[in-house]
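# Structural characterization, general
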Amino acid sequence: MKTGDVRSAANAALALAAEYGLTWRDRVRPIHPEGDAGSLRQAFGGPTPETGMPQDAVIAELIQAAEPGLVGNTQPGFHAWVMGGSSPVGVAADWLTSVWGQNAAIFQCSPAAATAEEAAATWLLDILGLPRDASVGFVTGATMAGFTCLAAARDEILRRAGHDFARDGLAGSPAIRVLISEDTHVSNLAALRYLGFGSAQITKLPGDSQGRIDLATLAQTLYTDDAPTIVIATAGHINSGAFDYIGAISEMTVPRGAWLHVDAAFGLWARAVPELSFRTAGLERADSWSTDAHKWLQVPYDSGVAIVRHAEAHRRAMDVTAGYLSNAPEDGRNPTQYGPELSRRARGFAVWAVLKVLGREGVADLVRRHCNGAQRLANRLSGIDGIHVLNRVTLNQIALRFEDARGDADALTAAVEAGLNDAEHFVRTAEWRGQRILRLSVIEDGTDDAALDRLAMKIERVWAETKQALKRHPD
Ligand SMILES: Cc1ncc(COP(=O)(O)O)c(C=O)c1O
């Protein structure tokens, strides 16, 4: 092919993707995937391509193969998991990120990517009310943000105990204790495992009905021995949305020299809302915080943020140096020093763009609207016979259970789930404390009061039908 032909073939592929992308949001789309594993394998599979295909034809085929397997998590009726909706401006910035093809490893690979991150980091610390000199890494999601923060924690508390982790690793190091809620998000346990902590080093503390760490047990456990200790608290429990009493926890960890990490995958954004900030009072005294921009901030996947008070510890834990990885004094930020990757996507552009569009006020409005919406939904449902709102709805999560003397509540809750899932809604049940619950998350940007009122009416109707069926066929 001649150069001009190659360019026009590439442009045709880009044009097709852009045109499709422009109309995608406006189309009526199925919220549930229509394809199953078999049909999707058939669509994507086949023999290894031996010869190439025209680029636009491949993009057309990709669209055709993928569409039946897409989930409508960018639609207002999606409440199944805590997922954001990839805001259009974030997508636009993300397109450019791909078009530019920058490698955000070091400043010299992409000064623009490094500087956009730096600016976005400063704004995030400001909006979230965290120490302005904390250091910030842009990673794939809250799991890797937790991993990054806990790597810094491990390094720093061993350093304080006189152990050089960079030189000696975990061999011969003082044993580290990790204190964590039994209700912690599973990603924290995964991050700990990646960092060399087995279950024997992790003490799971009991939580209250909302999943908050029991303070008395924490205090007792914290002071039973003087081993280097990491405490992991939660801001925004996955089922209840509850916040640990982080201010009180920090009063225990700071004098004890323990490292307090806060998993705030979505709860951290409550800091942006003045009237909600009392829930997170004292959170700013922690040592590190992990959060997601791809949840409440609506940045396209994948976008997590690791924030560490002790910049040096962060830097030591993530250090990558080599003769070819320049960090000249005149250079700006080297992104690789803040996360576990070297070559990576320039994630800062999309975060920067979304923050520019929303501003401090827009972030607050978004979070406020969802929290008020969740409250409104819970209020409408809590008066209905047999519907139990299990959590105090203080954020955006609602945990429901459906009970009737004639049936098993787990089965009834599952029956309501089945009745709700249709062309407009995508919901899921989960197991929490040995019970099946219907867990609704209000977090997608376009979800407004009207959408939530429709959902409330539907839940009421489906529950009435479920009870009717129970009358006819008690189990
Ligand atoms: C409280 C909490 N922590 C951590 C995570 C993990 O986040 P990610 O899936 O972005 O890695 C989640 C995801 O829902 C979460 O809700």
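Quick note: structure is the one above.
Not measured: the values here are computed from a predicted model. (Residues numbered from 1 in each chain as written. Predicted model: local features only at pLDDT ≥ 70, side-chain atom pairs only at ≥ 80, totals over all residues. Heavy atoms only, no water.)

### Brief notes about the packing of helix H6 (residues 142-160) against helix H11 (residues 311-318)
- Look at H6 against H11: their axes get within 8 Å of each other, and the N-to-C directions meet at 105 degrees. With respect to H11, the axis of H6 lies roughly perpendicular. For the pair formed by H6 and H11, the contact residues are Phe-147, Thr-148, Ala-151, Ala-152, Asp-155, Glu-156 and Arg-159 on the first element and Ala-313, His-314, Arg-316, Ala-317 and Met-318 on the second.
- When grouped by side-chain class, the residues that make up the contact of H6 with H11 number six nonpolar, two polar and four charged. (Axes fitted to C-alpha atoms, helices over the stretch in contact; angles between N-to-C directions. Helix = DSSP H or I, 4+ residues; strand = E, 2+ residues; numbered from the N terminus. Parallel < 35°, antiparallel > 145°, perpendicular 65-115°, else oblique. Contact = heavy atoms within 4.5 Å. Nonpolar A, V, L, I, M, F, W, Y, C, P; charged D, E, K, R; others polar.)

### Re the pairing of strand S3 (residues 202-205)
- With four bridges connecting them, strand S2 (residues 177-181) and S3 associate as parallel partners. The residue of S3 that forms the bridge with Val-178 is Ile-202.
- Once the chain exits S2 it traverses helix H8 (residues 186-194) before rejoining the sheet at S3, and the crossover so formed is right-handed. (Pairing = 2+ DSSP bridges. Right-handed = clockwise from strand over helix to strand, strands pointing away.)

### Here's the deal with the sheet that holds strand S5 (residues 259-263)
- Taken in spatial order, the seven strands line up as S1-S7-S6-S5-S4-S2-S3 in an open sheet, and their pairing is mixed. Lying at the two open borders of the sheet, with one neighbouring strand each, are strand S1 (135-139) and S3. The mean inter-strand angle of the sheet, taken between neighbouring strand axes irrespective of direction, is 20 degrees.
- Here S2 pairs with strand S4 (residues 229-234) via four bridges, running parallel. Paired with Ile-180 across the strands is Ile-232, a residue of S4.
- Against the sheet, H11 touches S1, S5 and strand S7 (304-308), its axis set at about 35 degrees to S1.

### Some thoughts on the packing of helix H4 (residues 88-100) against helix H12 (residues 348-382)
- One can describe the packing of H4 onto H12 by two numbers: an axis separation of 8 Å at closest approach and a directional angle of 150 degrees. Classified by the angle their axes make, H4 and H12 are roughly antiparallel. The hand of the H4/H12 crossing is right-handed. Together, Val-89, Gly-90, Ala-93, Asp-94, Thr-97 and Trp-100 of H4 and Phe-349, Ala-350, Ala-353, Val-354 and Val-357 of H12 make up the contact between the two elements.
- Split by residue class, the contact of H4 with H12 holds eight nonpolar, two polar and one charged. (Left-handed = near helix turned anticlockwise from the far one by under 90°.)

### Things to note about the sheet that holds strand S11 (residues 435-441)
- The strand order across the open sheet built from four strands is S8-S9-S11-S10, with neighbouring strands paired in antiparallel fashion. Taken across any chain shown, the strands that pair with only one partner, and hence form the sheet edges, are strand S8 (387-389) and strand S10 (428-432). When the angles between neighbouring strand axes are averaged without regard to direction, this sheet yields 40 degrees.
- In terms of strand pairing, S10 meets S11 through five bridges, oriented antiparallel. Paired with Arg-428 across the two strands is Arg-439, which belongs to S11.

### Regarding unusual backbone geometry
- In the segment running from Tyr-301 into Asp-302, the intervening peptide bond is cis, with an omega of -5 degrees.
- Among the secondary structure elements, Asp-302 is positioned in the loop between strand S6 (288-292) and S7.
- Here Ser-86, not a glycine, exhibits a phi torsion of approximately 45 degrees, which is positive.
- By relative accessible area, Ser-86 is classed as buried at 14%. (Buried < 20%, exposed > 50% of the residue type's maximum accessible area, 1.4 Å probe, protein only.)

### Digging into the nonpolar core
- Counting residues in each nonpolar core, the largest one holds 58 residues, and the members touching the most others are Val-262, Trp-296, Leu-297, Ile-307 and Val-351.
- Secondary-structure elements contributing two or more residues to this core are helix H5 (111-127), S1, helix H9 (215-222), S4, helix H10 (246-256), S5, S7 and H12.
- The leading source of residues in this core is H12, at 10 residues.
- Other than its neighbours up to four places away in sequence, Val-262 contacts Ala-233, Thr-234, Ala-235, Ile-246, Leu-283, Ala-286, Ser-288, Trp-289 and Ser-290. (Core = buried A, V, L, I, M, F, W, Y, C linked by side-chain atoms within 4.5 Å.)

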